[in-house]
Structure formats: structure tokens, C-alpha cells
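# Analysis of the macromolecular model
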Amino acid sequence: MEDLTACEGHVRAEMTPLSTIGVLRRTWFICRAHFSKLASLSILPWLCVAWLSVYVDLLVREIVGYVYSPGTHEMAASLFLLIPLLCWVPLIFFLVGQGVLIYAVTRICVGQEVRFGHAYWFSLRRLGRIIPEAFAFAFIPFLVAYAVAWLVPFMIALSDLLASAEPPGPVRLKEVIWLLFALIYGYVLIKVALFDKVLFLEKEKGSSAPMKRSRQLVRGKADGVWNSWRVFVLGSIGSGIVLAASLLARTTFQAVSLWIQLQKAQFDAEWLLSFVTMFGGLVGTLFCSVGLIVLYLDIRFRTEGLDPKSIVEKT
């Protein structure tokens, strides 16, 4: 992987593997030096994802609320299977945006120009692959986590490890299932985190399925650190940025609302909450996405001696 150094707005490249800190520094450098370009490229699909996610979130809340309502039969949790179907369409737009970022970051890494039209052409010409692969990506990790989360509590219950003075009620069992599902789903997502990079950069005849290939790349260590841990760190930082922006938005919203009440003025401050939250979501998603692209290039350089210029030639 090349060591990028800012020099009068240009990029100088030297091939060297990156540590975990090196990946974070590289990500910070790219995001800081090219934020306006990367944000302008990804804003359109990101807004589509944000808009669709609002409706998906409302529907998911309805599903979860029904499943957890008193007296609901355990098998009603099968409604959870509707969730990945609802997430499929936003995921297509998300992958289109990821394709644009992958194009941009790989070219930035070798100091080449990034063009808006070329970036979207690179992403959209793979739309025929994106749609079915997005369907698989939405369902397979979800179904794996769902199946294991339901299997484990029942095995524990059968072995009486959950036994108490009274048999565990449905609410307790649902809480166990929900916790297990969240943990397993998060673990599976870490393993397939490089799915979209493989989807856009490695689709050659006879190549492995993107999720299988992602697991192969994430497996193993770099400088004594598990690649899975490096993925987790990048995802956690991105999520932290989103959370911090959300907290900032809510604090700002409450402060403005209080000031308006004291001034007895009429002003709709809801837009502040929406704007700051959406901006934070864009920044956090952008940082995490760029970091995973840098990590993908570093892993392939370490394990396969990949020259990023060879990838750029394919774009």
C-alpha cells in the first residue's frame, strides 16, 4: 500500500504496508484532503438511502412492536424476516454510492484525477450485478444470525441452564434472542464488510462470491492484529461520529427550542435536528467507507502483492 503525503495539493506514493494506526491516518488524510469531492460524489445516493431509511425504520418499529407486544406468540417473530426485504432497496442505493467512493478513493490513492461522470458510470454499469448481490447481502447475514439466535436459547432451555424458580417466560426468551441476534449479526457483518469492494473491483470470470471472498480477506492478522478487529475499529469510529452528531443535533435542538420559548418567538427548529443528524450520518458513513477501502487495498497488498495502479486500470 502506498504512503500518501500531501505536497502542494498532490499525492506522492510509496509502497508500504499499513498498521491499524496507519489505516486510520490514511483514512483521515483522504477524508480531510478530499472531503468536499467525496461528499459531493456520494451525497445523492446517500440522501436516497436516508430518505428510504426513514420509512424502513417506521415499518421495522411496527414489526418489532408487534412481536414484543404482550401475548404475542413466539412464532410471530417470523415477521422479522420482512426486515431484510425492506432493507433491500435502500441497500441498492447504498451500494451505488459505495461504488462511486471505491472509484474515487482508489484513484486518489495513486494520485489520479477523479471525475464525477466516470465515477457514476463505473458504479451504475454494475447495476445488473448490484441488484441480485444486494438481495443476497440483505438476507444471508440476517438469516444466519436469525437462525442461530433462535437455536441457542432453545438448546439452553432444554439443558435447564435458563431454569429458575419458574420456567423462563416468553419476554425473557425474546430478550435473549434479541441480544444474541444483535451480537451474531454484528459479527457476520464484520466478516462480510469488504463485500462491496469485491463486488466492484474483483468481478472476473471464475471469481469467488463477494461474501465468501470478503471472509477470506478478513481472515488472518496484520502486524499481530486480527483484520476483523481492524474492521471493528473502523466501524466503531464511524458509528461514534454518527452518534456524536446525533447527540449534538439533539442538544442544539433543545437549546434553540428553549431560547425560542424564552423569546416567545415562532420558529421551526426541527430542521436543525434533521440537518445536523444527516450531516453527521454522512461524515460517519464516509469515514467508515473510506477506511474500509483503504483496509481492503492494504490486505490485498499484504497477501497478494497487489499494486493499486492495476485496480485503477480496470476502473
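Please refer to the structure placed before this passage.
I will try to describe carefully the structure that is included in this document.

Definitions and cut-offs
- Residue positions are given per chain, counted from 1 along the sequence in the order it is written.
- Reporting of local features is limited, given that this is a predicted model, to residues whose pLDDT is at least 70; pairs of side-chain atoms are given and counted only at 80 or more, and all residues count toward the totals for whole chains, interfaces and linings.
- Side-chain metrics in this entry use all non-hydrogen atoms of the structure; hydrogen atoms and water are not considered.
- Only runs of H or I of at least four residues qualify as helices and only runs of E of at least two qualify as strands under DSSP, and these elements are numbered from the N terminus.
- Any helix carries an expected span of 1.5 Å times its number of residues minus one.
- The seven residues ending at a residue and the seven starting there each receive a fitted axis; the angle between those axes is the bend at that residue.
- Note on exposure labels: buried denotes an accessible area under 20% of the residue type's maximum, exposed denotes more than 50%, and partly exposed covers the range between, all computed with a 1.4 Å probe on protein chains only.
- Note on aromatic contacts: the rings of Phe and Tyr and the six-membered ring of Trp form a pair at centre separations within 6.5 Å, being stacked when their planes are under 30 degrees apart, edge-to-face when over 60 apart, and tilted otherwise.
- Throughout, a residue-residue contact means that at least one pair of heavy atoms, one from each residue, lies within 4.5 Å.
- Relevant arc is that of directions from the helix axis to the C-beta atoms, nothing else.
- Each salt bridge in this description consists of a side-chain nitrogen of Lys or Arg and a carboxyl oxygen of Asp or Glu lying within 4 Å of one another.
- Only C-alpha atoms enter the line fits that serve as axes; for helices the fit covers just the stretch in contact. Angles between N-to-C directions range over 0 to 180 degrees.
- Angles are sorted into four bins: roughly parallel if under 35 degrees, roughly antiparallel if over 145, roughly perpendicular if 65 to 115, and oblique for all others.
- Crossing handedness: left-handed means the near helix sits turned counterclockwise from the far one by under a right angle, and right-handed means the same turn made clockwise.
- Residues are grouped as follows: Ala, Val, Leu, Ile, Met, Phe, Trp, Tyr, Cys and Pro are nonpolar; Asp, Glu, Lys and Arg are charged; all remaining types, including Gly, are polar.

### Points about helix 3 (residues 82–109)
Helix length check: helix 3, at 28 residues, gives a terminal C-alpha distance of 40 Å against a target of 40 Å (1.5 Å per residue), a fit within 8%. The sharpest bend along helix 3 comes to roughly 40°, located at Trp88, with the proline Pro90 sitting one to four residues further on. Buried residues dominate helix 3, accounting for 20 of its 28 residues. Trailing helix 3 by a residue or two, Gly111 shows a phi angle of about 75°, which is positive.

### A closer look at the packing of aromatic side chains
The tally for this structure, following the rule as stated, stands at eight aromatic pairs. Measuring from centroid to centroid gives 5.6 Å for Tyr103 and Phe122, while their planes differ by 40°, and the two rings are tilted. You can see Tyr103 sitting in helix 3 and its partner Phe122 sitting in helix 4 (residues 116–124), a full 19 residues away along the chain. The same class applies to Tyr103 and to Phe122, which are both buried. Judged by centre distance (5.0 Å) and plane angle (40°), the rings of Phe116 and Tyr120 are tilted. With Phe116 and Tyr120 both in helix 4 and four residues apart, this pair spans about one turn of that helix. Three or more aromatic residues joined by ring pairs form one cluster here, namely Trp88, Phe135 and Phe139.

### Things to note about the side chain of Thr20
In this structure, Thr20 sits in helix 1 (residues 20–33). When near neighbours in sequence (up to four residues on either side) are disregarded, Thr20 contacts Val225 and Arg230.

### Digging into helix 8 (residues 210–218)
A turn of α-helix holds 3.6 residues, and therefore any two residues three or four places apart point the same way. Among the residues of helix 8, Pro210, Met211, Arg213, Ser214, Leu217 and Val218 are the ones counted as buried. Projection of helix 8 onto a plane perpendicular to its axis shows the buried side chains occupying an angular sector of 160°, all on one side.

### Examining the pattern of salt bridges
The full count for this structure, using the stated rule, is nine salt bridges. Measuring nitrogen to oxygen at the nearest pair gives 3.7 Å for the salt bridge that ties Arg115 to Glu113. A salt bridge links Arg129 to Glu133; the nearest nitrogen and oxygen atoms lie 3.2 Å apart. Placement of the pair is Arg129 and Glu133 together in helix 5 (residues 127–158), with a separation of four residues, close to one helical turn. Here Glu133 falls in the buried class, since its relative accessible area comes to 19%.

### Quick notes on the packing of helix 3 against helix 4
With their axes 8 Å apart at the nearest point, helix 3 and helix 4 run at an angle of 125° to one another. Taken together, the axes of helix 3 and helix 4 are oblique relative to one another. The two elements helix 3 and helix 4 cross, and the hand of that crossing is right-handed. Between helix 3 and helix 4, the residues in contact are Leu95, Val96, Gly99, Val100, Ile102 and Tyr103 and His118, Ala119, Tyr120, Phe122, Ser123 and Leu124, respectively. Residue classes in the contact of helix 3 with helix 4 are distributed as nine nonpolar, three polar and no charged.

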